[in-house]
Amino acid sequence: MQEQHDVPLSTLTTMRVGGPASRVVTASTTDELVDAVREVDDADEPLLVVSGGSNLLVSDDGFEGTVVRVATSGITPESADYCGGAVVRVAAGEVWDDVVAHAVAQGWAGVEGLSGIPGLTGATPIQNVGAYGQDVSQTVAQVRTWDRQEQAVRTFMNADCAFTYRHSRFKGHSRYVVLDVVFQFEVADLSRPVAYAALAKGLGVELGTRVPLSDARDAVLEQRRARGMVLDDADPDTWSCGSFFTNPILSRHEFDDLVERVGEHLGWEGPTPPRFPEPGGRVKTSAAWLIEHAGFAKGFGLPAPAALSTKHTLAVTNRGGATTSDVLALARQVRDGVRDTFGVTLVNEPVIVGDQL
């Protein structure tokens with residue numbers, strides 16, 4: 001276990017902003033992770049558990065407490081057969097895209113559509129990460145956690161995780177620290193059926209087609225790079241938290257109100273908001289569409305230090321030298337502009353510590 005003091009949190013987040021942490025403890029084994037959390041809790045000190053920092057914004061004032069950085073490792077197959085699939089336990093500190101690459105190489109299908117997503121494995125079930133027609137909840141079998149309240153290891157089966165769109169029972173509070181995740185993959189040479197139109201177009205296939213796993217991964221990475229959603233030290237468009245806002249899920253009445261507002265603002269012969277059916281008669285629409293049609297184009301804010309990505313309106317980016325205050329000011333401007341124009345309040349995806357949107 002490694003201990004450091006006065007560490008800039010900008011060095012631990014993909015947005016590259018955030019003030020200093022009083023103390024950073026890096027845990028490289030599961031036992032060290034549990035011990036580090038218990039020590040802080042026993043001392044009744046503030047605790048911030050940091051994974052890959054790809055979904056985190058910390059105040060410019062920093063964090064007055066202990067940051068426990070997850071650096072555990074291990075990808076351990078527990079069984080692999082064609083009937084039950086491949087059951088694989090992955091440590092919380094494994095880099096997620098490395099896990100996806102390994103799964104593709106091994107012929108384990110189910111997460112190829114999640115290629116290129118930054119962060120570590122332990123964070124994936126917390127917000128049920130998803131992209132290109134796949135959600136991690138489709139392959140999660142178990143999530144093993146440290147329950148800070150009960151001071152005990154607690155394992156949740158998939159059905160107990162309360163997975164919904166970008167949400168789970170682990171999100172929104174700090175009771176559970178994810179130790180490892182057990183996945184159940186399909187053993188196959190072909191991907192899951194392609195369920196995303198742009199991906200199918202890039203692959204030159206029809207929706208629902210299964211393609212070689214490596215082809216699916218390559219196509220997803222190509223799509224994400226075109227949108228600035230694959231981390232690249234040389235590209236400020238990737239210095240972000242990925243999608244800053246989640247796609248709104250509205251009631252039928254709320255969506256009808258949105259259509260009315262769009263017609264009034266853009267003209268009745270103009271474009272209409274995307275509509276995707278959700279359970280219970282609800283409707284999901286596109287946050288990126290709302291942002292763009294509310295007047296916030298790609299690159300909005302340039303040449304300021306915080307601006308929307310020049311490749312994708314959903315990404316608030318650090319162009320170099322931005323502060324957390326800069327990032328949040330831009331995010332507020334976009335959120336408030338969409339609300340004032342279309343009556344829909346966008347919800348931030350990254351966790352914000354020590355400040356608020």
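Predicted model only: the values in this text are computed from it and were never measured.

> Account for empty space enclosed by the protein, naming residues and giving values.
Where empty space is left becomes clear once a probe the size of a water molecule has been rolled over the atoms. This structure, assessed with the given rule, holds one cavity of 30 Å³ or more. Looking at the largest cavity, its volume works out to about 70 Å³. Taken together, T14, S54, P118, R224, G228, M229, V230, L231, T238, S240, C241 and G242 make up the lining of the largest cavity. Residue composition of the lining of the largest cavity, by class: five nonpolar, six polar and one charged.

> Give me the sheet that holds strand β1 (residues 2–8): which residues, what numbers.
Taken in spatial order, the four strands make up an open sheet running β1-β2-β5-β3, and their pairing is mixed. The sheet is open, and its two edges are formed by β1 and β3 (47–50), each paired on a single side. Neighbour to neighbour, the strand axes of the sheet diverge by 30° on average, direction disregarded. As paired elements, strand β2 (residues 20–27) and strand β5 (residues 63–70) share six bridges and run parallel to each other. The residue of β5 that forms the bridge with R23 is T66. Sheet contacts for helix α1 (residues 30–42): β2, β3 and β5; angle to β2, the most-contacted strand, approximately 145°.

> So what's going on with unusual backbone geometry? Residues and values would help.
The peptide bond linking L302 to P303 adopts the cis configuration, its omega dihedral lying at 10°. Within the secondary structure, P303 is located in the loop between α6 (287–293) and β17 (306–308). For D6, which is not glycine, the phi dihedral falls at a positive 55°. Topologically, D6 is positioned in strand β1.

> How would you sum up the nonpolar core? Please name residues and give values.
Membership of the largest hydrophobic core comes to 50 residues, with the highest contact counts inside it found for L33, W96 and F183. By residue number, the principal contributor to this core is strand β13 (residues 176–187), which donates eight residues. Filtering out sequence-adjacent residues up to four positions away, L33 remains in contact with A27, V68, V70, V177, V178 and L179. Counting residues in hydrophobic clusters, the runner-up holds 34 residues, among them C241, F245, A331 and V344.

> So, the pattern of salt bridges: which residues are in play, and what are the values?
A complete count under the given rule lists 22 salt bridges for this structure. For R144, the salt bridge identified is with D180, shortest N-O distance 2.7 Å. Of the two residues, R144 sits in strand β11 (residues 140–147) while D180 sits in strand β13, which places them 36 residues apart along the sequence. On the basis of relative accessibility, which here comes to 25%, the residue R144 falls in the partly exposed class. Assessed through its relative accessible area of 4%, D180 is described here as buried. Sharing partners across several salt bridges, the network here consists of E78, R89, R144 and D180.

> With reference to specific residues and values, describe the pairing of strand β12 (residues 152–157).
As judged from the six bridges shared by β11 and β12, these two strands associate in the antiparallel manner. Across the sheet, residue T145 finds its bridge partner in β12, namely R154. Counting the residues that bridge the hairpin from β11 to β12 gives four residues, and of these Q151 lies at a positive phi of roughly 55°.

> Describe the sheet that holds strand β16 (residues 283–284), and please don't skip the residues or the numbers.
Pairing in this open sheet of three strands is antiparallel, and the strands run β14-β16-β15 from one edge to the other. Each of the sheet's edge strands pairs with one partner strand only, and the pair in question is β14 (249–250) and β15 (276–277).

> Let's hear about helix α7 (residues 324–342): which residues, and what values?
Over its 19 residues, α7 runs 27 Å from end to end, which matches the ideal 27 Å to within 8%, given 1.5 Å per residue. For α7, the secondary structure elements touched by its buried residues are β4 (56–58), α5 (252–266), α6, β17, β18 (316–318) and β19 (351–353). Looking one or two residues past α7, G343 carries a phi angle of roughly 75°, positive in sign.

> Describe the layout of surface pockets, listing the residues and the values that go with them.
Taken as a whole, the second largest pocket holds about 420 Å³ of empty space. Here the lining of the second largest pocket is built from residues that sort into eight nonpolar, nine polar and five charged.

> Can you lay out the packing of aromatic side chains for me, pointing to particular residues and giving the numbers?
For the coordinates displayed, the defined rule picks out ten aromatic pairs. Look at W108 and F185: their rings are 5.8 Å apart centre to centre, the planes differ by 10°, and that puts the pair in the stacked class. Taken together, the residues span a long stretch of sequence, with W108 in strand β8 (residues 108–109) and F185 in strand β13 at a distance of 77 residues. In this structure W108 comes out as buried when scored by relative accessible area, which is 7%.

Rules of the game
Residues numbered from 1 in each chain as written. Predicted model: local features only at pLDDT ≥ 70, side-chain atom pairs only at ≥ 80, totals over all residues. Heavy atoms only, no water. 1 Å grid on protein atoms, 1.4 Å probe; cavity = no way out; pocket = protein on both sides within 12 Å on 5 of 7 lines; lining within 4 Å. Points joined across faces, edges and corners; volume = space filled by probe spheres on them. Nonpolar A, V, L, I, M, F, W, Y, C, P; charged D, E, K, R; others polar. Pairing = 2+ DSSP bridges. Helix = DSSP H or I, 4+ residues; strand = E, 2+ residues; numbered from the N terminus. Axes fitted to C-alpha atoms, helices over the stretch in contact; angles between N-to-C directions. Contact = heavy atoms within 4.5 Å. Core = buried A, V, L, I, M, F, W, Y, C linked by side-chain atoms within 4.5 Å. Buried < 20%, exposed > 50% of the residue type's maximum accessible area, 1.4 Å probe, protein only. Salt bridge = Lys/Arg side-chain N within 4 Å of Asp/Glu carboxyl O. Expected span 1.5 Å × (residues − 1). Phe/Tyr/Trp six-rings, centres within 6.5 Å; stacked < 30°, edge-to-face > 60°.

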